[in-house]
2 protein chains.
Amino acid sequence: MESLSQTEENYLKAIFKISERDGDSVSNNAISMEMQTSAASVTDMIGRLSKKELVNYQKHRGVSLTDEGRQVATHLVRKHRLWEAFLVEKLSFTWDEVHDIAEQLEHIRSRVLVERLDEFLGFPRFDPHGDPIPDADGNFAVRKQVPLSELAVGDEGIVVGVQDHASSFLQYLDRVKLGLGAKVKMLEHFEYDESVKIRQSPDGELVLSKKVSQNLFVQKK
Amino acid sequence: MESLSQTEENYLKAIFKISERDGDSVSNNAISMEMQTSAASVTDMIGRLSKKELVNYQKHRGVSLTDEGRQVATHLVRKHRLWEAFLVEKLSFTWDEVHDIAEQLEHIRSRVLVERLDEFLGFPRFDPHGDPIPDADGNFAVRKQVPLSELAVGDEGIVVGVQDHASSFLQYLDRVKLGLGAKVKMLEHFEYDESVKIRQSPDGELVLSKKVSQNLFVQKK
DNA sequence: TAGCACTTTTAGATTGATCTAAAAATAAAT
DNA sequence: ATTTATTTTTAGATCAATCTAAAAGTGCTA
Ligand SMILES: [Mn+2]
Ligand SMILES: [Mn+2]
Ligand SMILES: [Mn+2]
Ligand SMILES: [Mn+2]
């Protein structure tokens, strides 16, 4: 268990992310996409991670994280999200500004630091984007949430997360006052372009494109 | 001005540190000592830093920082010390625990982050070890301080800094209640081993070895 | 001034991380 | 079941950062 390079950590995080999305076996291709590197580089790195028993790997068969690899990955996610929370809660960054800095901070090595930070923040369970912060054992809180687009007419809900983390999307949400915690009620589905009309508490009405309504998570109330 | 690797940054910081101590022209040897690397590696790196115009260099002639190199170095020191202050002030680390974590945090790249952190901490002028935190332009506060060993009998002072940052020294100081801010009065110099006896406010008396008294900075009162 | 000690540079290798181009394997389609 | 397309691996290079061993340069000392 000598310590990993940032690059190795980034690969593990990428593999974790993809396997959460697409299932346990992750293709070279998906990794090279996510990491923006050549397929050859991925093959090479997978070999190294495999030698360190962080991934299971047989040629042409895809990779999956071992328990240890998964631990490393979830710990990175934990650090990433805690730092994002720190930046927003304590240093008044906005939710569209924190990701890139957290990408760096997540590689800081100090178990104690992470636990102290967690405590300092009051043990937050979700990050500024509504994503769950795993606990020290790598367990994620689950929350029953649905894309806003799936609310039936008349349903009410609260915005609790975003699917897309692009700055432009987050800034758009700020502009239309649909940040985390916003109360919404579905008023109408338009068949034509799958846009929706919602009421946004207490008195605003808003039409949202398909893309927006599918990328916003709400909790039904 | 493409961005520097952590290694390059560490070399610049080392060169800065040595030149503060020993004068502007820094030898290969001193750097290899400070960085714990071979002289050959130093020569190699110096070549690279020179090509990037971060140091002035002619073979066998020693190196010195250019203005740009100096800027980078002082900014690293600024970040290092702000993070140390953060760890102590906000996350309740002790002064002997923070250096290694700050060695990592100092490489985080985000101008805004540094300025926000500075503000969050209330613009501290000194770090937990009493070292000055340079401002954004790289200017260090100067403070007239002397090693405790140089107080004359009867002189009073306040502990404001340490020369040696070793954990064991810092822990020793905690044990004998000689942290930053402690009030001391010189009572006696012992010629035999150059130890000293001091009064430590309000009522303690303490004998300190030469090594200790030379590594503690006080401000005369 | 000639010799010796110490410092610095060069030469040559290694390791991690990356690339492109080509070969091999797998998956999809005809 | 062949052929074709796509994915994955290999081969061979490059670049940064490091090392050891040897050569070259500086400078002190007798
Ligand atoms: Mn993020
Ligand atoms: Mn997030
Ligand atoms: Mn320090
Ligand atoms: Mn310090």
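Residues numbered from 1 in each chain as written. Chains lettered and ligands numbered in written order. Predicted model: local features only at pLDDT ≥ 70, side-chain atom pairs only at ≥ 80, totals over all residues. Heavy atoms only, no water.

- The name an unreviewed UniProt entry gives chain A is Transcriptional regulator MntR, with Flavilitoribacter nigricans as the organism.
- Checking UniProt for chain A, the heading Sequence similarities (unreviewed entry) contains the comment "Belongs to the DtxR/MntR family." (UniProt positions renumbered as here; feature names shortened; annotations may be inferred.)

## Here's the deal with the relation of the copies chain A and chain B
Copy one and copy two of the chain differ by a rotation about an axis and a translation along that axis.
Here is step 1 of the chain: With an RMSD of 0.1 Å, the operation that places chain A on chain B is a rotation of 180° combined with a shift of 0.0 Å along the axis. Expressed as a symmetry operation, the mapping of one chain copy onto the other fits a two-fold axis. The rotation axis passes nearest to the C-alpha of Leu105 of chain A in chain A, at a distance of 3.8 Å.
Here is step 2 of the chain: Most of the interface of chain A is mirrored in chain B: 100% of its interface residues are interface residues there too. (Least-squares fit on C-alpha atoms with pLDDT ≥ 70 in both. Contact = heavy atoms within 4.5 Å.)

## Some details on the protein's contact with DNA strand C
Here is step 1 of the chain: Lining the immediate surroundings of DNA strand C are 20 residues, of which Ser5, Ser41 and Arg48 of chain A together with Tyr57 and Lys59 of chain B lie closest.
Here is step 2 of the chain: Within 4 Å of the protein, the atoms of DNA strand C are drawn from sugar and phosphate moieties in a proportion of 83%.
Here is step 3 of the chain: Taking Thr43 of chain B, its side chain carries an N or O atom lying 3.0 Å from a phosphate oxygen of DNA strand C.
Here is step 4 of the chain: Separating a phosphate oxygen of DNA strand C from a side-chain N or O atom of Lys59 of chain B is a distance of 2.5 Å.
Here is step 5 of the chain: The set of elements that each furnish at least two residues to the surface near DNA strand C consists of helix H1 (6-22) and helix H3 (39-51) of chain A together with helix H2 (28-35) and helix H3 (39-51) of chain B.
Here is step 6 of the chain: Sorting elements by how many residues they give to the surface near DNA strand C places H3 of chain A first, with five residues.
Here is step 7 of the chain: Class assignment of the residues belonging to the surface near DNA strand C gives a composition of six nonpolar, 11 polar and three charged. (Near = heavy atom within 4 Å. Polar contact = N/O pair within 3.5 Å; in protein donor to acceptor, adjacent residues only side chain to side chain. Helix = DSSP H or I, 4+ residues; strand = E, 2+ residues; numbered from the N terminus. Nonpolar A, V, L, I, M, F, W, Y, C, P; charged D, E, K, R; others polar.)

## Some thoughts on the protein's contact with DNA strand D
Here is step 1 of the chain: Taken together, 20 residues form the shell around DNA strand D, and within it Tyr57 and Lys59 of chain A together with Ser5, Ser41 and Arg48 of chain B come nearest.
Here is step 2 of the chain: Atoms of DNA strand D within 4 Å of the protein: sugar and phosphate make up 82%, bases the balance.
Here is step 3 of the chain: A distance of 3.1 Å separates a phosphate oxygen of DNA strand D from a polar side-chain atom of Thr43 of chain A.
Here is step 4 of the chain: At 2.5 Å from a phosphate oxygen of DNA strand D is found a side-chain nitrogen or oxygen belonging to Tyr57 of chain A.
Here is step 5 of the chain: Counting only elements with at least two residues in the surface near DNA strand D, the list comes to helix H2 (28-35) and H3 of chain A together with helix H1 (6-22) and H3 of chain B.
Here is step 6 of the chain: Among the elements that make up the surface near DNA strand D, the one with the highest residue count is H3 of chain B (five residues).
Here is step 7 of the chain: Taken together, the residues of the surface near DNA strand D break down into six nonpolar, 11 polar and three charged.

## Concerning the pairing of strand S8 (residues 216-220) of chain B
Residue and element names in this part refer to chain B.
Here is step 1 of the chain: Pairing of strand S3 (residues 146-147) with S8, which is carried by two bridges, proceeds in the antiparallel orientation. Bridge assignment links Val146 to a residue of S8, and that residue is Val218.
Here is step 2 of the chain: Here five bridges tie strand S4 (residues 156-162) to S8, and the two strands are oriented antiparallel to one another. Paired with Val159 across the bridge in S8 is Val218. (Pairing = 2+ DSSP bridges.)

## Considering the side chain of Gln200 of chain B
All names here are of chain B.
Here is step 1 of the chain: Secondary-structure assignment places Gln200 in strand S6 (residues 196-200).
Here is step 2 of the chain: Gln200 sits in the buried class, given a relative accessible area of 11%.
Here is step 3 of the chain: Aside from chain neighbours lying at most four places away, what touches Gln200 is Val176, Lys177, Leu178, Lys183 and Leu206. (Buried < 20%, exposed > 50% of the residue type's maximum accessible area, 1.4 Å probe, protein only.)

## As for the coordination of the manganese ion (ligand 3)
Residue and element names in this part refer to chain B.
Here is step 1 of the chain: Only His80 (NE2), Glu84 (OE) and His99 (ND1) from the protein coordinate the manganese ion (ligand 3), and they sit 2.0 to 2.2 Å from it.
Here is step 2 of the chain: The distance between the manganese ion (ligand 3) and the manganese ion (ligand 4) comes to 3.5 Å, and Glu84 binds to both of them. Of this pair, Glu84 sits in helix H4 (residues 67-89) while His99 sits in helix H5 (residues 99-105), and the two are 15 residues apart along the sequence.
Here is step 3 of the chain: Residue Glu84 is classed as buried on the basis of its relative accessible area of 2%. (Donors = N, O, S within 2.8 Å, 3.2 Å for Na, K, Ca; no water.)

## Quick word on the interface of chain A and chain B
Here is step 1 of the chain: Opposite the 20 residues of chain A that make contact, chain B presents 20 residues.
Here is step 2 of the chain: Taking both sides of the interface into account, the surface hidden between chain A and chain B amounts to around 1600 Å²; carbon and sulfur atoms contribute 71%.
Here is step 3 of the chain: For the chain A face of the interface with chain B, the top three residues by lost area are Leu91, Gln104 and Arg116 of chain A, together amounting to 31%.
Here is step 4 of the chain: Between chain A and chain B we count zero salt bridges in total. (Buried area = accessible area lost by both parts, 1.4 Å probe. Salt bridge = Lys/Arg side-chain N within 4 Å of Asp/Glu carboxyl O.)

## Digging into the coordination of the manganese ion (ligand 1)
All names here are of chain A.
Here is step 1 of the chain: Summarising the metal site, the manganese ion (ligand 1) is bound by the protein donors His80 (NE2), Glu84 (OE) and His99 (ND1), whose distances to it range over 2.1 to 2.2 Å.
Here is step 2 of the chain: Binding-site remark: the manganese ion (ligand 1) is held by donors from one chain whose sequence spacing is H-x3-E-x14-H.
Here is step 3 of the chain: In this structure, the manganese ion (ligand 1) is positioned 3.6 Å from the manganese ion (ligand 2), and both are ligated by Glu84. Of this pair, His80 and Glu84 both sit in helix H4 (residues 67-89), four residues apart, which is roughly one turn of the helix. Each member of the pair His80 and Glu84 is classed as buried.

## Points about the nonpolar core
The nonpolar side chains of a soluble globular protein tend to be buried, and buried together.
Here is step 1 of the chain: Counting 34 residues, the largest nonpolar core has Trp83, Leu87 and Leu105 of chain A together with Trp83, Leu87 and Leu105 of chain B as the members making the most contacts within it.
Here is step 2 of the chain: Mapped by element, the contributors of at least two residues to this core are H4, helix H5 (99-105) and helix H6 (111-120) of chain A together with H4, H5 and helix H6 (111-120) of chain B.
Here is step 3 of the chain: Those residues within four positions of Leu105 of chain B in sequence are excluded, and the remaining contacts are Trp83, Leu105 and Ile108 of chain A together with Trp83 and Leu87 of chain B. (Core = buried A, V, L, I, M, F, W, Y, C linked by side-chain atoms within 4.5 Å.)

## Some points on the packing of H4 of chain B against H6 of chain B
All names here are of chain B.
Here is step 1 of the chain: One way to put it is that H4 packs onto H6 with a least axis distance of 10 Å and a crossing angle of 45°. The angle between H4 and H6 falls in the class oblique. By crossing handedness, the relation of H4 to H6 is classed as left-handed. Together, His75, Arg78, Lys79, Leu82, Trp83 and Phe86 of H4 and Arg111, Leu113, Val114, Glu115, Leu117, Asp118 and Phe120 of H6 make up the contact between the two elements.
Here is step 2 of the chain: Tallied by class, residues from the contact of H4 with H6 come to seven nonpolar, one polar and five charged. (Axes fitted to C-alpha atoms, helices over the stretch in contact; angles between N-to-C directions. Parallel < 35°, antiparallel > 145°, perpendicular 65-115°, else oblique. Left-handed = near helix turned anticlockwise from the far one by under 90°.)

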